[in-house]
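# Coordinates in review
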Amino acid sequence: MEDQTITELERTYAPFIRRDVYSGGKIPFSEIALLAIALFTIVPIRLIIGMWLISVYYIVCRLCTWFWDLDRCFLVGWRREVVVRVGRFLCRVFMFVLGFYWINEYYAILHEIKDEKGGFHEELERPGVIVSNHVSYFDILYHMSDSFPSFVAKVSVSKLPVVGLISKCLGCIFVQRETRTSELLGVSGLVTERIEEARLNRHCPIVMIFPEGTTTNGDYLLPFKTGAFLGGAPVLPIFIKYPHQRFSPAWESISGVPHAFLVLCQLINYMDVIKLPVYYPSENEKRNPQIYANNVRKLIAHEGKLIFSDSGLAEKRDYLAMLRSPWEADCIFPSTLIDNKDE
């Protein structure tokens, strides 16, 4: 019975367990030496260049938003063009500075959606939303460098220094999760409305949603929430993976400061991206958002060779709580399962 309980817990928390050189408890001396060297060499350089890039982009955003009310509508025309082009370029430079010197991008070919001529159908309907697995905050940087989409964020983000202005220039959807009145559509309503607008209006930024709702270690795919699929609009599925030998850029159960430090210390970081064709829902999927979400999830899992998991944010919070209380975790199952106590 105890072994069965341990097995179930392993299965439940598997998507959030780190598996890299730094997650085994004792860090090898060779790694400590590399960290020490990096601390006084590449880390300061990366920090200085990173801060400079953010400052430059903030200035660009400030100049492009003069005499423009971002609280009323997103940027259009030359303002949007400048913000997008400069933003994409600087985000890619930022990733290069952080060690992502090259990003391997692959385009999946799904034979069942080919037309009679052997190629893919021309764009029948513009997708209003990009859906992707979620592994790290670098996912966001990549998507900004690639398609520069808008994200869903809390209202409080729009009021932050620097980040607030940049998020507005992105055209982010700011939501107040606890508020729903007759005048407010609620989170799902606002997101669905923006997705529909992005689908119909090429000048509206496409929406980026991580339907898992949280990050994993990159080996698993959690259940998809239906927010991106409620309107029945076509979606663009993307899969991201971070191959690694030493430190994993995945941000699933390690706290922010250690994670950022170890990323800065790692000379080379790797990223693989698989872009799938636009997914056009059937009539049945349009009527049943959960079926739509499940089918897109199966597609991404198949192309990314990911393992399905029934866990979610609640299980992740439980796992993080156990990392903060090693004694409690050892009372539940052996410490060999808890291979990261950075929290």
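Residues numbered from 1 in each chain as written. Predicted model: local features only at pLDDT ≥ 70, side-chain atom pairs only at ≥ 80, totals over all residues. Heavy atoms only, no water.

So, on to the pairing of strand E8 (residues 271-275). Counting buried positions along E8 gives 5 out of 5 residues, so the element sits mostly inside the fold. Neither face of E8 is open: one carries Met 271, Val 273 and Lys 275, the other Asp 272 and Ile 274, and all of them are buried. As paired strands, strand E1 (residues 103-107) and E8 are joined by 5 bridges and run parallel to one another. If you follow Glu 105 over to E8, its bridge partner there is Val 273. Examined bridge by bridge, strand E7 (residues 235-241) and E8 share 4 bridges and lie antiparallel to one another. Across the sheet, the residue bridging to Lys 241 is Asp 272, located in E8. (Buried < 20%, exposed > 50% of the residue type's maximum accessible area, 1.4 Å probe, protein only. Helix = DSSP H or I, 4+ residues; strand = E, 2+ residues; numbered from the N terminus. Pairing = 2+ DSSP bridges.)

Here 7 strands make up an open sheet; going across it, the order is E1-E8-E7-E2-E5-E3-E4 and the pairing mixed. If you trace the sheet from one side to the other, it starts and ends with E1 and strand E4 (173-175), each paired once. Sheet twist, expressed as the mean angle between neighbouring strand axes with direction ignored, is 30 degrees. Across 3 bridges, strand E2 (residues 129-132) lies against strand E5 (residues 207-209) in parallel orientation. (Axes fitted to C-alpha atoms, helices over the stretch in contact; angles between N-to-C directions.)

Axis angle and axis distance: for two packed helices, these are the angle between their axes and the distance between the axes, and together they describe the pair. Close contact between helix H4 (residues 77-97) and helix H5 (residues 138-146) brings their axes to 7 Å; oriented N to C, the two are set at 140 degrees. In terms of orientation, H4 and H5 fall into the oblique class. H4 and H5 meet at a crossing whose hand is left-handed. Contacts between H4 and H5 involve Arg 88, Cys 91, Arg 92, Phe 94 and Met 95 on the former and, on the latter, Phe 138, Leu 141, Tyr 142, Met 144, Ser 145 and Asp 146. Of the residues assigned to the contact of H4 with H5, the class counts are 7 nonpolar, 1 polar and 3 charged. (Parallel < 35°, antiparallel > 145°, perpendicular 65-115°, else oblique. Left-handed = near helix turned anticlockwise from the far one by under 90°. Contact = heavy atoms within 4.5 Å. Nonpolar A, V, L, I, M, F, W, Y, C, P; charged D, E, K, R; others polar.)

This next bit is on the nonpolar core. Soluble globular proteins tend to bury their nonpolar side chains together. In terms of nonpolar packing, the biggest core is built from 49 residues, with Tyr 57, Phe 138 and Met 271 touching the most fellow members. Looking at this core, the elements with two or more residues in it are helix H2 (29-39), helix H3 (42-64), H4, H5, helix H6 (163-170), E7, helix H8 (256-265) and E8. With 7 residues, H4 is the largest single contributor of residues to this core. Residues within four places of Tyr 57 in sequence aside, it is in contact with Val 83, Val 86, Gly 87, Leu 90, Phe 148 and Ile 166. Counting residues in hydrophobic clusters, the runner-up holds 26 residues, among them Ala 233, Phe 239, Val 296 and Leu 299. (Core = buried A, V, L, I, M, F, W, Y, C linked by side-chain atoms within 4.5 Å.)

Our next topic: the environment of Ser 167. Among the structural elements, Ser 167 can be located in helix H6. Judged by its relative accessible area of 5%, Ser 167 falls in the buried class. Spatially, the C-alpha atoms of Ser 167 and Cys 61 are 10.0 Å apart, while their sequence positions differ by 106 residues. Look past the residues within four positions of Ser 167 in its chain and what remains in contact with it is Val 157, Ser 158, Cys 172 and Phe 174.

Before going further, it helps to examine H3. For H3, with 23 residues, the first-to-last C-alpha span of 33 Å sits near the 33 Å given by 1.5 Å per residue. Taken together, the buried positions of H3 are occupied by Val 43, Arg 46, Gly 50, Leu 53, Tyr 57, Val 60, Cys 61 and Cys 64. The elements touched by buried residues of H3 are H2, H4, H6 and H8. (Expected span 1.5 Å × (residues − 1).)

Okay, the packing of H2 against H8 next. The interhelical angle for the contact between H2 and H8, taken along N-to-C directions, is 85 degrees, at an axis separation of 9 Å. One element, H2, and the other, H8, form an angle in the roughly perpendicular class. Counting all contacts with H2, which are made through Leu 35, Ala 38 and Leu 39, the residues of H8 involved are Phe 261, Leu 262 and Cys 265. Residues that form the contact of H2 with H8 fall into these classes: 6 nonpolar, no polar and no charged.

Attention now moves to unusual backbone geometry. Residue Val 162 is not a glycine yet carries a positive backbone phi of 65 degrees. Mapping Val 162 onto the fold places it in the loop between strand E3 (150-154) and H6.

UniProt annotation of "transmembrane region" (unreviewed entry) refers to residues 32-61 and 82-103 when read in the numbering used here. Across residues 32-61, helical content stands at 93% and strand content at 0%; the span's end C-alpha atoms are separated by 40 Å. For residues 82-103, helix accounts for 73% and strand for 5%, while the C-alpha atoms at its two ends are 24 Å apart. (UniProt positions renumbered as here; feature names shortened; annotations may be inferred.)

This next bit is on the pattern of salt bridges. Under the criterion given, the structure shown has 8 salt bridges. Note that Asp 20 and Arg 18 form a salt bridge whose closest N and O atoms lie 2.7 Å from each other. Here Asp 20 matches Arg 18 in class, with each residue buried. With a closest N to O distance of 3.8 Å, Lys 275 and Glu 105 form a salt bridge. Taken together, the positions of Lys 275 in strand E8 and Glu 105 in strand E1 put the pair 170 residues apart, joining distant regions of the chain. When salt bridges that share partners are traced, they join Arg 18, Asp 20 and Glu 252 into one network. (Salt bridge = Lys/Arg side-chain N within 4 Å of Asp/Glu carboxyl O.)

Another point: the state of the cysteines. Across all of its chains, the model carries 0 disulfides by this definition. The thiol of Cys 61 is unpaired, and the distance to the nearest cysteine sulfur, on Cys 169, comes to 3.7 Å. Overall, Cys 61 belongs to the buried group, its relative accessible area being 0%. (Disulfide = S-S within 2.5 Å.)

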